[in-house]
Amino acid sequence: ETLMPLLFDPNPQTAAYALNLIGDDERAFDSYFKILESENADGELKNDATDILKTHADEVKTQALGLYKKGVAQEATLEILSRVKAREEEIYGILTAAFLSGENVPMHASYLAAYGDERALPLLTARIEDRTIGFVEFQELKYAIEALGGEYDEPRDFTDDKDYIAVEAATARRAADGGDGPRS
């Protein structure tokens, strides 16, 4: 009770300290959702609240659905809903609609993978077959397909993709440093 008001302290460090002390005490879940709703809350604080809530997704799914339907904290609520263990049509529909929106595809693919509903495989497979997608999107889609028990082995050439080039350069630097050099 003493710590709960500190979650809304204007000093982000104080709020983060209070959240870390409170942890996953279910009495704080309502406050964590208020943090997600707040326009003034620090981004890191919102991430920390999301991380706690997603580990209790089944317990807080009703609140997460309510917040999602209000159009608030969409990505945070999608992340929480993706961790619900009980398979529900409404949640599956929300996660697939987010994926099919075409926005933030790599993240939304990871939410489908986390949810674990194999019905998403045709959606993921159709998207990965799009030759216009980049390296990062391809990698996340491939991971999601494999996480759901599917396979995608068709070779792709990303030698002109800026993200692929950056990954290859970083890998080459690490190899040149003996694998112990700084990572960026």
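Presented here is a report on the structure given in the accompanying data block. (Residues numbered from 1 in each chain as written. Predicted model: local features only at pLDDT ≥ 70, side-chain atom pairs only at ≥ 80, totals over all residues. Heavy atoms only, no water.)

**Considering the packing of helix H6 (residues 89-100) against helix H8 (residues 121-128)**
Taken N-terminus to C-terminus, the directions of H6 and H8 make an angle of 5°; their axes are 11 Å apart at the nearest point. Between H6 and H8, the interaxial angle falls into the category roughly parallel. The segment H6 lies against H8, with Tyr92, Thr96, Phe99 and Leu100 engaging Leu123, Leu124 and Arg127. Taken together, the residues that form the contact of H6 with H8 break down as five nonpolar, one polar and one charged. (Axes fitted to C-alpha atoms, helices over the stretch in contact; angles between N-to-C directions. Helix = DSSP H or I, 4+ residues; strand = E, 2+ residues; numbered from the N terminus. Parallel < 35°, antiparallel > 145°, perpendicular 65-115°, else oblique. Contact = heavy atoms within 4.5 Å. Nonpolar A, V, L, I, M, F, W, Y, C, P; charged D, E, K, R; others polar.)

**Regarding unusual backbone geometry**
Peptide bonds are, in most cases, trans, and in most cases residues other than glycine have a negative phi. We note that alanine 73 has phi near 50°; this positive angle belongs to a residue other than glycine. With phi around 50°, asparagine 104 is a residue other than glycine that occupies positive phi space. Inspection of the secondary structure puts asparagine 104 in the loop between H6 and helix H7 (105-115). Residue classification places asparagine 104 among the partly exposed positions, given a relative accessible area of 39%. (Buried < 20%, exposed > 50% of the residue type's maximum accessible area, 1.4 Å probe, protein only.)

**Considering the pattern of salt bridges**
This structure, assessed with the given rule, holds 12 salt bridges. Notably, a salt bridge pairs glutamate 88 with lysine 61, separated by 2.2 Å at the nearest N-O pair. Taken as a pair, glutamate 88 in the loop between helix H5 (74-81) and H6 and lysine 61 in helix H4 (residues 57-69) lie far apart in primary sequence, 27 residues in all. A salt bridge links arginine 127 to glutamate 137; the shortest N-O distance between them is 2.5 Å. (Salt bridge = Lys/Arg side-chain N within 4 Å of Asp/Glu carboxyl O.)

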